[in-house]
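# Survey of secondary and tertiary structure
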Amino acid sequence: QVELVESGGGLVQAGGSLRLSCAASGRTFSQNTMGWFRQAPGKDRKFVGYISWSGLTVYEDSIEDRFTISRDNAKNTMYLQMDSLRPEDTGTYYCAVPRYQGTSRPQDYVYWGQGTQVTVSA
């Protein structure tokens, strides 16, 4: 049974940093793209970024180099380092794995974690 578990969320002041982790179990994803999404209250789930099996990273435009995605295939874990956080970054953050390589479309993602809450105060 495949499971993705996010951790590392919390409450932080604007300008602060958080590091999220996504630990996968049940199968190895070293040859898969892995992605991050976020969902603000009352809004649709939106793409944050992904990392390919080769380490290529792609981010949503509004991230503006504030976030960094990395992965440790030996640990079957992906990370999201978030710096210079803003109140608009508040939301539930999800990690996910798609059926296709290198996609930002939520509908292409087949495995999802339960999410971790990030709250950025002004």
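Refer to the structure printed above.
Presented here is a report on the structure given in the accompanying data block. (Residues numbered from 1 in each chain as written. Predicted model: local features only at pLDDT ≥ 70, side-chain atom pairs only at ≥ 80, totals over all residues. Heavy atoms only, no water.)

### A short note on the pattern of salt bridges
To keep things clear, this is the line we draw: Any Lys or Arg side-chain nitrogen located within 4 Å of an Asp or Glu carboxyl oxygen qualifies as a salt bridge. What counts as a helix is a DSSP run of H or I of at least four residues, what counts as a strand is a run of E of at least two, and both are numbered from the N terminus.
On inspection of all chains with the given rule, the structure shows three salt bridges. Residue R38 is joined to D89 by a salt bridge in which the shortest nitrogen-to-oxygen separation is 2.8 Å. Taken together, the residues span a long stretch of sequence, with R38 in strand β4 (residues 34-39) and D89 in the loop between β8 (77-82) and β9 (91-98) at a distance of 51 residues. For the salt bridge of R105 with D108, the shortest nitrogen-to-oxygen distance reads 2.9 Å.

### Considering the nonpolar core
As a reminder of what qualifies: Residues belong to a common nonpolar core when they are buried Ala, Val, Leu, Ile, Met, Phe, Trp, Tyr or Cys residues joined through side-chain atoms within 4.5 Å. Accessibility here uses a 1.4 Å probe with only protein chains present; expressed as a share of the type maximum, an area under 20% marks a residue as buried, one over 50% as exposed, and anything in between as partly exposed. Here a residue-residue contact requires only that any non-hydrogen atoms of the pair lie within 4.5 Å.
Of all hydrophobic cores here, the largest spans 23 residues; its most connected members are W36, F67, M78, L80, M82 and Y93. Ranked by the residues each element gives to this core, the list is headed by strand β3 (residues 18-25), at four residues. Not counting chain neighbours up to four residues away, the residues in contact with Y93 comprise E6, L20, F37, R38, V48, F67, L80, M82, G115, T116 and V118. Listed in part, the five residues of the second largest apolar core include F47, Y50, A96 and Y109.

### Considerations on the state of the cysteines
Quick note on the threshold: In this description, the term disulfide denotes a pair of cysteine sulfurs within 2.5 Å.
For the coordinates displayed, the defined rule picks out one disulfide. Here C22 pairs with C95 through a disulfide, and the sulfurs are 2.1 Å apart. Since a negative S-S torsion denotes a left-handed disulfide, the C22-C95 link at about 65 degrees is right-handed. Of the two residues, C22 sits in strand β3 while C95 sits in strand β9, which places them 73 residues apart along the sequence.

### Here's the deal with the sheet that holds β8
As a reminder of what qualifies: Pairing between strands is defined by DSSP: at least two bridges between them are needed. Inter-axis angles, ranging from 0 to 180 degrees, are taken between N-to-C directions of lines fitted to C-alpha atoms, where helices are fitted over the stretch in contact.
Strand order in the open sheet formed by four strands is β1-β3-β8-β7, with antiparallel pairing between adjacent strands. With partners counted over all chains shown, the strands left at the sheet margins are β1 (3-7) and β7 (67-72), one partner each. Each strand axis lies, on average, 15 degrees off the axis of its neighbour in the sheet, ignoring direction. Examined bridge by bridge, β3 and β8 share six bridges and lie antiparallel to one another. When the bridges of β8 are listed, S21 appears paired with Y79.

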